[in-house]
Amino acid sequence: MVRVLVPSGALGLNYDKTALQRGIEAKPDIIAIDGGSTDSGPSYLGRGVSKYARSSTKIEWAGLMEARAQAQCPLVIGTAGTCGADTAVDWMVDITLEIAREQGRPLKIAVLKSGQEPTFIAQEFKNKTISPLGNAPHIDQSVIENCTNIVALAGAEQIQAALDTGADIVISGRATDTAIIAALPLQRGCHAGGAWHGAKIGECGALCATNPQSGVILIDFDDEGFTVTPLADGANASPQTVSAHMLYENSDPFILYEPGGHLDVSAAKYEALDERRVRVTGSKWIPSEHYTVKLEGAKSAGFQTVLIAVLRDPHYVENAQKWANDIITKCSQKARDRLGVTDDDFSIDIRLIGHSSCFGALEVIQSQSHEIGAIGIVTAKSDALSEEIGKLLNPYFLHHPLTQEEEQPTFAFLFSPAEMKRGEMFEFALNHIMEINDPMDAFDLEIIEHG
Amino acid sequence: MAKLRTAVKKIRTKNAGPFWLTIDIFCEKPGVYDAISSSIKTEHIAQLFQTPVENIKRFDISDLCVVKFSLPRPQTQGCRHDSDMHGSSYAALVGELEY
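Not measured: the values here are computed from a predicted model. (Residues numbered from 1 in each chain as written. Chains lettered and ligands numbered in written order. Predicted model: local features only at pLDDT ≥ 70, side-chain atom pairs only at ≥ 80, totals over all residues. Heavy atoms only, no water.)

Helices and strands together make up the secondary structure of chain B, namely four helices and four strands. What you see in chain B, going N to C, is helices and strands ordered as α-β-β-α-α-β-β-α. Relative to the 2.2 N^0.38 estimate, which gives 13 Å for 99 residues, the radius of gyration of chain B is 13 Å and therefore close to what a compact globule would have. Along the longest, intermediate and shortest principal axes, the C-alpha atoms of chain B span 40 × 25 × 20 Å. Evaluated residue by residue, chain B yields a buried proportion of 55% over its 99 residues. Of the roughly 4200 Å² that chain B leaves accessible, carbon and sulfur atoms contribute 49%. The distance from the centre of the 13 positive side-chain charges to the centre of the 11 negative ones in chain B is 5 Å. (Helix = DSSP H or I, 4+ residues; strand = E, 2+ residues; numbered from the N terminus. Rg over C-alpha atoms; globule rule 2.2 N^0.38 Å. Buried < 20%, exposed > 50% of the residue type's maximum accessible area, 1.4 Å probe, protein only. Areas by Shrake-Rupley, 256 points an atom, 1.4 Å probe, with all protein chains shown as cover. Lys, Arg positive; Asp, Glu negative; His and termini not counted. Charge placed at Lys NZ, Arg CZ, Asp CG, Glu CD.)

Given below as structure tokens:
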């Protein structure tokens, strides 16, 4: 049996300290926590940075490093620093060494990096080892070369290689959410379907149970399946809460693709052992013919400046969409005339909060608010151009009348200056897989000895 | 005719990666599940999201009393035209379906 302690769904979301202590006393074989995902958007991968505050990350990670020392087992984090790019891994290593100095313990740290050279990936694309997943964006060599960061998602094999070094702590770059939990059970010969399925159930911590924000759960893997035990007070797993977790953020609730194969849970059986614990058996792992890893990449999509104005005059609230459309037409023309730019160089969007800002053309409700927030978004090829067009947009946002006949209106600005620079924006550029011969081909493993 | 949101326990939408959106309709009771599963057609979701019906995957999961749909995101997550980074607000749009 292999016992995995999962403190929470992600480092930075906090965990229940009493429950964590219960987990330590249960003598886990490994402590595993996820450090990120794509869910916060492309900017983090584009810039290679974490979304969470360094202070929160440090406090929570220090607690887990202390737990590791008490439990005398390895501690592993996957997708370090939200995006798992090499710079985010370096940030996490820096925090880890700072804590190690403060805690005064010698440590062996295995650092697994998932970052890919865009020129290498472009070459692989030419070699036809890269293929698209569903709804993948169109790519060519120049799209790939323009990515500021590309990562490959590590699977169980790469985490196992890091654990094989005998490290106390494994800091991994981008990895599948499940790999960090499944790696050790698979390595020790537990049921493969059970290992991947239990890992999927556990990857968000106590989200598979009641009291989901408590975080801490324990998963016991064996040669037939797995048992999940939430550890916080008031946290209970039931066959319903556990099986329902397969729905979460999965486009298919029965099939999960991983490096080297896929998990099929369509015949899985969920059984309540008592009011707190659930046992699952009957999950299947189907190995694939070729070993593939998923790629994620982000590239620059320009620079943005935004403005906010509030429309409160009922005449303007009623005609907000017409007002916004007219501003886009007139301000775009002014930018072309005064700056000599073309439509390839910039765009102006206006989102109307209280009207259609969430769903745009898909909105089905037509109702009249008493006020509407207008957000003007300038996206341009350079930071300077974005700021300049933001300044062209400013007088329209302040005074633009619906018709020339009416008195000049003045709308509510919240700030001075009204323009706010958002800096560089990024977009996801890859939803592809790459075939590799050896699982370590796309990854780098480094050992740091401290103290 | 009633709004879907008044009939079910919960509607959840969420990114399934940056390129896909997944919709989970939790019906809670078998009677509600049977009614929703038979009356909400895949075409209704296609129409709501203005996407071809063949783009939509559908799962009727009677054990959980859940009807699930997955479809390409209306806009890729975080692109210039996206306005719901986590895909969670689309649940309110699904809740407006008449059944």
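The next subject is unusual backbone geometry. Residues and elements named next belong to chain A. Backbone torsion omega between Ser416 and Pro417 reads 0°, so that peptide bond is classified as cis. Tracing the backbone shows Pro417 in the loop between strand S19 (412–413) and strand S20 (420–428). Of note in this structure, Gln72 is not a glycine but carries a positive phi near 55°. Although it is not a glycine, Glu249 adopts a positive phi angle of roughly 55°. For Glu249, the location among the structural elements is in the loop between helix H10 (239–244) and strand S11 (255–258).

The next subject is the domain arrangement of chain A. One can read the domain layout of chain A as domain 1 (2–114 + 153–291 + 436–450) and domain 2 (300–427). Between the C-alpha centres of domain 1 of chain A and domain 2 of chain A there is a distance of 43 Å. (Domains from an automatic or database assignment.)

For the rest of this paragraph, the subject is helix H3 (residues 54–71) of chain A. Residues and elements named next belong to chain A. In this model, H3 (18 residues) spans 25 Å end to end at C-alpha, consistent with the 26 Å of a helix rising 1.5 Å per residue. Those residues of H3 that fall on the buried side of the exposure criterion are Thr57, Lys58, Glu60, Trp61, Leu64, Met65, Ala67, Arg68, Ala69 and Ala71. Buried residues in H3 make contact with helix H1 (17–25), strand S2 (30–36), strand S3 (75–82), helix H4 (86–103), strand S4 (107–113) and strand S8 (169–172). One or two residues past the end of H3 sits Gln72, with phi positive at roughly 55°. (Expected span 1.5 Å × (residues − 1). Contact = heavy atoms within 4.5 Å.)

At the interface, 38 residues of chain B touch 38 residues of chain A. Buried surface at the junction of chain B and chain A, summed over both partners, amounts to about 3100 Å²; 61% is from carbon and sulfur atoms. A per-residue breakdown of the area chain B buries against chain A is headed by B:Phe19, B:Leu64 and B:Arg80, which together make up 23% of the total. At the boundary of chain B with chain A, the tally comes to three salt bridges. For A:Asp349, the salt bridge is made with B:Arg80, and the minimal N-O distance between the two is 2.8 Å. Put simply, the parts of the chain that give the side of chain B that touches chain A at least two residues each are strand S1 (10–15), strand S2 (20–26), strand S3 (57–61), strand S4 (66–72) and helix H4 (90–94) of chain B. Here the residues of the side of chain B that touches chain A sort into 18 nonpolar, 11 polar and nine charged. (Buried area = accessible area lost by both parts, 1.4 Å probe. Salt bridge = Lys/Arg side-chain N within 4 Å of Asp/Glu carboxyl O. Nonpolar A, V, L, I, M, F, W, Y, C, P; charged D, E, K, R; others polar.)

Below, the discussion takes up the nonpolar core. All names here are of chain A. Among the nonpolar cores identified, the biggest contains 63 residues, and Val4, Ile159, Ile181, Phe221 and Met434 are the most heavily contacted of them. The biggest single contributor to this core is helix H8 (residues 179–187), with six residues. Beyond its immediate chain neighbours, meaning those up to four positions away, Ile159 contacts Val76, Leu112, Ser172, Ala175, Ala179, Ile180 and Ala183. Grouped together as the second largest cluster of nonpolar side chains are 35 residues, Cys73, Ala100, Ile169 and Ile171 included. (Core = buried A, V, L, I, M, F, W, Y, C linked by side-chain atoms within 4.5 Å.)

The next thing to look at is the pattern of salt bridges. Enumeration over the complete set of coordinates arrives at 30 salt bridges over all chains. One salt bridge connects A:Asp220 with A:Arg3, and the closest N-O pair in it is separated by 2.7 Å. Placement of the pair is A:Asp220 in strand S9 (residues 217–221) and A:Arg3 in strand S1 (residues 2–6), with a sequence separation of 217 residues. Two residues, B:Arg73 and B:Asp82, come together in a salt bridge whose shortest N-O distance is 3.1 Å. B:Arg73 sits in the buried class, given a relative accessible area of 5%.

Residue and element names in this part refer to chain B. If you walk across this open sheet you meet the four strands as S1-S2-S4-S3, and the pairing is antiparallel. Edge strands, defined here as strands with exactly one partner in the open sheet, are S1 and S3. Averaged over neighbouring strand pairs, the angle between their axes works out to 15° when direction is ignored. Looking at chain direction, S1 and S2 are connected through six bridges and run antiparallel. Of the residues in S2, the one forming a bridge with Lys10 is Phe26. (Pairing = 2+ DSSP bridges. Axes fitted to C-alpha atoms, helices over the stretch in contact; angles between N-to-C directions.)

What follows is about the sheet that holds strand S14 (residues 278–281) of chain A. Backbone-to-backbone hydrogen bonds pair the strands of a sheet. The strands run either parallel or antiparallel. Residues and elements named next belong to chain A. The 10 strands lie next to each other as S13-S14-S10-S9-S1-S2-S3-S8-S4-S22, forming an open sheet whose pairing is mixed. Both edges of this open sheet fall to strand S13 (269–272) and strand S22 (444–450), since each of them pairs with a single strand only. Strand-to-strand twist in this sheet, taken as the mean axis angle between neighbours without regard to direction, amounts to 20°. Here S4 runs beside S22; their pairing, made up of seven bridges, is antiparallel. Looking at the pairing, Ile109 lines up with Ile448 of S22. Docked against the sheet, helix H9 (residues 192–202) engages S1, S9, strand S10 (225–230), S13 and S14, running at close to 175° with respect to S9.

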